[in-house]
Amino acid sequence: MNKDLTVGNPQTVLRKFCMPLFGSIIFQQLYNIADSLVAGKFIGENALAAVGNSYEITLIFIAFAFGCNMGCSVVVSRLFGARKYKEMKTAVYTACIFSGIVCILLMLIGIAGSGMLLRFIRTPDEVFADSKLYLDIYAWGLPFVFFYNIATGIFSALGDSKTPFFFLAVSSLSNIAVDIWFVKAFHMGVAGVAWATFLCQGISCILAMIVVFRRLSGMKEKAPLFDPQILRQIVIIAIPSTLQQSFISIGNILIQSIINGFGAPVMAGYSAAVKLNNLVITSFTTLGNGISNYTAQNLGAQKLDRVKQGFGVGVRLVWMLSFPLFLLYFFGGNIVLKLFMDDPTELAMHTGITYLKILSPFYFIVSAKLVADGILRGAGMMKKFMIGTFTDLILRVLLAFCFSKTVLGATGIWCAWPIGWCVAAVLSIGFYYNGPWKH
């Protein structure tokens, strides 16, 4: 059901809108976590390292899908808030056409260049074949990734966070079952993990797009299929959002190449721990995306005071999530890491525990940054949004490289994360406080 985010108490509106988003985050991450869990528990440590190694490259593809999602979502939110339903439908059609073209180009790159990308990040020989196999299958499923992201962006723009939650809940739980079935019953190894994700994402994508177009058909206004001016608005949001995610992914790939120099046990420990960390960061990012929709709708309705109220509500929500996750990862990291690794080596376990202990206390800081980023993006303040993002990325990559060369070794890499988060948080929150809603 569509929901107007420009009326009602901001705390109540955002809480009801964002709670299904939190549920969606968990099920979205289950796709990736399930792949690593099944690979580590039922295939072996090298398979876990291979899936984790490939995952860093898949994040580049996801970055482009995320950019298309946000470009479509923010523009549709503004038009929905302004009650311009004809233009809103054109924005949806235009976003689908644009996303389809981008997807085809990335498929060609992924299918033809997977081996080169894996060599670039210094993938060890013992995990190279499985990494390439996983990446090749993933590239063929990119249309499902792209159009599912477009569908969820449209649902969020219309104030509907429940529908994508239901799709994700069913498809991600199915993915776990199919993962285990393909690996245990058919002995397909890493290929089974990849094909399970391909199948379940494909079904959820098709169903989500059917619901989107049925919902649009209920709006009687006839709308053009393409508008270059609306495309320009989408691209203005999509390109910085894509750059944000892709540069983060490139940064992660560079960091992964540093980690790969420490051998398979460190790779396996990092692969398990980074999945857990990504679950947290994706949770904060998804809430930030929801606040982008809230901000865009209210700016479309010219209600600036509600944007200020939304920031306070958003920070309280992410801190409520940060506290239990900090406790779990800091004090119980060894327990959750064992979900991913069957009889792990001492070095692999030590790597994962150290990573989580260093990063988890800083979840309160990075979560507030991502809420501020959500408002900046929803308001179209993309230059300032990019400054905060790139500052974090550049600091993390440079410091990871420098610290890894010291006596800290791999531990020095993990120390780079909190420094980047803290500096970027000061910038993003400062930009928010000086926004057009300041007075």
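Reading guide: rules and limits
Residues numbered from 1 in each chain as written. Predicted model: local features only at pLDDT ≥ 70, side-chain atom pairs only at ≥ 80, totals over all residues. Heavy atoms only, no water. Salt bridge = Lys/Arg side-chain N within 4 Å of Asp/Glu carboxyl O. Helix = DSSP H or I, 4+ residues; strand = E, 2+ residues; numbered from the N terminus. Buried < 20%, exposed > 50% of the residue type's maximum accessible area, 1.4 Å probe, protein only. Core = buried A, V, L, I, M, F, W, Y, C linked by side-chain atoms within 4.5 Å. Contact = heavy atoms within 4.5 Å. Expected span 1.5 Å × (residues − 1). Axes fitted to C-alpha atoms, helices over the stretch in contact; angles between N-to-C directions. Parallel < 35°, antiparallel > 145°, perpendicular 65-115°, else oblique. Left-handed = near helix turned anticlockwise from the far one by under 90°. Nonpolar A, V, L, I, M, F, W, Y, C, P; charged D, E, K, R; others polar.

## Some words on the pattern of salt bridges
- All chains considered together, the criterion is met by five salt bridges.
- Residues K369 and D373 are paired through a salt bridge, measuring 2.4 Å at the closest nitrogen-oxygen approach. With K369 and D373 both in helix α12 (residues 363-378), this residue pair falls four residues apart, about one helical turn. As far as the burial class goes, K369 and D373 line up, both buried.
- The salt bridge involving D392 is made with R396; its shortest N-O contact spans 3.0 Å. Pair noted here: D392 and R396 are both in helix α13 (residues 382-404), with a separation of four residues, about one helical turn.
- What makes R396 buried here is its relative accessible area of 5%.

## Regarding the nonpolar core
- One finds I259, F284, Y355, I413, W414 and W417 to be the most contacted residues of the largest nonpolar core, which totals 70 residues.
- Broken down by element, the residue count for this core peaks at 15 residues, all from helix α9 (residues 264-300).
- Once residues within four sequence positions are removed from consideration, I413 is found in contact with I255, I258, I259, F262, A400, F403 and S404.
- Among the nonpolar cores identified, the runner-up in size contains 49 residues, and V102, A151, L216 and A238 belong to it.

## What to know about α13
- Taking 1.5 Å as the rise per residue, α13 with 23 residues should run 33 Å; its terminal C-alpha atoms sit 33 Å apart, in good agreement.
- Three or more residues of α13 are buried, namely M382, F385, M386, G388, T389, D392, L393, R396, V397, L399, A400 and S404.

## Focus on the packing of α12 against α13
- Interhelical geometry of α12 versus α13 gives an angle of 155° and a closest axis separation of 8 Å. The orientation of α12 relative to α13 falls into the category roughly antiparallel. Seen along the crossing, α12 lies across α13 with a hand that is left-handed. In this structure, α12 uses K369, D373, L376 and R377 to contact α13, whose residues at the interface are M382, K384, F385, G388 and T389.
- In terms of residue class, the contact of α12 with α13 is made up of three nonpolar, two polar and four charged.

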